[in-house]
Amino acid sequence: MLLKTLQEYAARAQPAEHVEEAGGWWLRHSPDDAWWVSAVLPHDREDRVEMAEEFCAEHGSGVRFQITPGVCADDLDLRLEDRGYARGHDMSLQIASTAEVLRHADADAGEVTPRPTDQWLAAWQKVTKRDVSAERDLLSRVEHPSAYAYAEVDGQVVAVGRAVAEEGWAGVFGMATLPHARGQGAARSVLAALASWAAAREANHLYLQMEKANTKAFRLYERTGFREVCTYHYRIRV
């Protein structure tokens, strides 16, 4: 199933420090990373909620489930609500043809490197406010081919993004643009660079995940050929 496949590609592109698989459920723990890296992926129809709760309790972390309709059990969302889990973070999974993104990006491609430079990480940190050393560790765990793209203005890196290729797809992650450079085509340059890299590696389709509330990013991706294939959300108990 495409949705399950893409969500698991995304999990491998954002690898947790510790992962256990129980049937189709991915139990993940990564305390220094963004919270979603530790979300449980309940990717079969079995009821393993208590197992997931025990796993999180053993690691001293809150419990988060990523709920993708059609991938997890149909009644899982309601069961978690009944157990006191709050709903949060409505998300969009989007896909595009790599060739179409290249046609619509309408920007000079930025630069691409195989590893994150200090300048790439510095720009990413300014936007996300997250820990650079933890991000370095996470990125070092990615096993599939990766690209780190950036756009510069007057010698300063003002926008960044990365892509990870797997089985004909490339996921887009870490898109970030410094506030003063927004609306000037920097993000399009980064996206064009990542699409060009993907095309060279025969990754003919792109995917990304984003918050539904991020309307500016929605417009950028819509204009460059992305379309939503599903929405998903999280159930959270801390």
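Residues numbered from 1 in each chain as written. Predicted model: local features only at pLDDT ≥ 70, side-chain atom pairs only at ≥ 80, totals over all residues. Heavy atoms only, no water.

**Some thoughts on the packing of aromatic side chains**
Inference 1: The full count for this structure, using the stated rule, is nine aromatic pairs.
Inference 2: Each ring, one from Phe173 and one from Tyr207, has its centre 6.0 Å from the other, and the planes form 85 degrees; the classification is edge-to-face. With Phe173 in strand 9 (residues 169-177) and Tyr207 in strand 10 (residues 205-211), this residue pair connects regions lying 34 residues apart in the sequence. Take Phe173 and Tyr207: they sit in the same class, and that class is buried. (Phe/Tyr/Trp six-rings, centres within 6.5 Å; stacked < 30°, edge-to-face > 60°. Helix = DSSP H or I, 4+ residues; strand = E, 2+ residues; numbered from the N terminus. Buried < 20%, exposed > 50% of the residue type's maximum accessible area, 1.4 Å probe, protein only.)

**Some thoughts on a negative patch on the surface**
Inference 1: Side chains of Glu17, Asp32, Asp131 and Asp137 sit close together on the surface and give a patch of like negative charge.
Inference 2: Along the polypeptide, Asp137 turns up in helix 6 (residues 132-140).
Inference 3: Assessed through its relative accessible area of 45%, Asp137 is described here as partly exposed. (Patch = residues over 30% accessible without salt bridge, like charges linked within 9 Å, V, L, I, M, F, W, Y side chains within 5 Å. Areas by Shrake-Rupley, 256 points an atom, 1.4 Å probe, with all protein chains shown as cover. Salt bridge = Lys/Arg side-chain N within 4 Å of Asp/Glu carboxyl O. Lys, Arg positive; Asp, Glu negative; His and termini not counted. Charge placed at Lys NZ, Arg CZ, Asp CG, Glu CD.)

**Considerations on the pairing of strand 4 (residues 63-67)**
Inference 1: The element strand 4 is largely enclosed, with a buried count of five among its five residues.
Inference 2: Neither face of strand 4 is exposed, since Val63, Phe65 and Ile67 on one face and Arg64 and Gln66 on the opposite face are all buried.
Inference 3: Inspection of the sheet shows strand 4 paired to strand 11 (residues 227-237) by five bridges, in the antiparallel sense. Its bridge partner lying in strand 11, Phe65 is registered against Arg235. (Pairing = 2+ DSSP bridges.)

**Some words on the nonpolar core**
Inference 1: Ranked by internal contacts, the top residues of the largest apolar core, which has 30 residues, are Val101, Leu194, Trp197, Leu206, Tyr221 and Phe226.
Inference 2: Considering every element that reaches this core, the biggest residue donor is helix 7 (residues 186-200), with nine residues. (Core = buried A, V, L, I, M, F, W, Y, C linked by side-chain atoms within 4.5 Å.)

**Details of the pattern of salt bridges**
Inference 1: If you walk through the whole model with that rule in mind, you get 13 salt bridges.
Inference 2: A salt bridge links Asp47 to Arg79; the nearest nitrogen and oxygen atoms lie 3.1 Å apart. In this pair, Asp47 sits in the loop between strand 3 (41-42) and helix 2 (49-58) while Arg79 sits in helix 3 (residues 76-82), placing the two residues 32 residues apart along the sequence.
Inference 3: A salt bridge links Glu228 to Lys212; the shortest N-O distance between them is 3.0 Å.

**Regarding the packing of helix 4 (residues 98-105) against helix 7**
Inference 1: Running from N to C, helix 4 and helix 7 point in directions that differ by 145 degrees, and their axes come no closer than 9 Å. With respect to the hand of their crossing, helix 4 and helix 7 are arranged in left-handed fashion. Two secondary-structure elements touch here, helix 4 through Thr98, Val101, Leu102, His104 and Ala105 and helix 7 through Arg188, Leu191, Ala192, Ala195, Ser196, Ala198 and Ala199.
Inference 2: Tallied by class, residues from the contact of helix 4 with helix 7 come to eight nonpolar, three polar and one charged. (Axes fitted to C-alpha atoms, helices over the stretch in contact; angles between N-to-C directions. Left-handed = near helix turned anticlockwise from the far one by under 90°. Contact = heavy atoms within 4.5 Å. Nonpolar A, V, L, I, M, F, W, Y, C, P; charged D, E, K, R; others polar.)

**Side note on the sheet that holds strand 1 (residues 18-22)**
Inference 1: Across the sheet, three strands lie side by side as 1-2-3; this open sheet has antiparallel pairing. The two strands at the open ends of the sheet, each matched to only one other strand, are strand 1 and strand 3.
Inference 2: Bridging between strand 2 (residues 25-29) and strand 3 involves two bridges; their strand directions are antiparallel. Counterpart to Trp26 in the pairing with strand 3 is Leu41.
Inference 3: Here helix 1 (residues 2-13) sits on the sheet and contacts strand 2 and strand 3; the angle it forms with strand 2, its principal contact strand, is near 25 degrees.
Inference 4: The strands touched by helix 2 are strand 1 and strand 2; relative to strand 2, the strand with the most contacts, the crossing angle is about 15 degrees.

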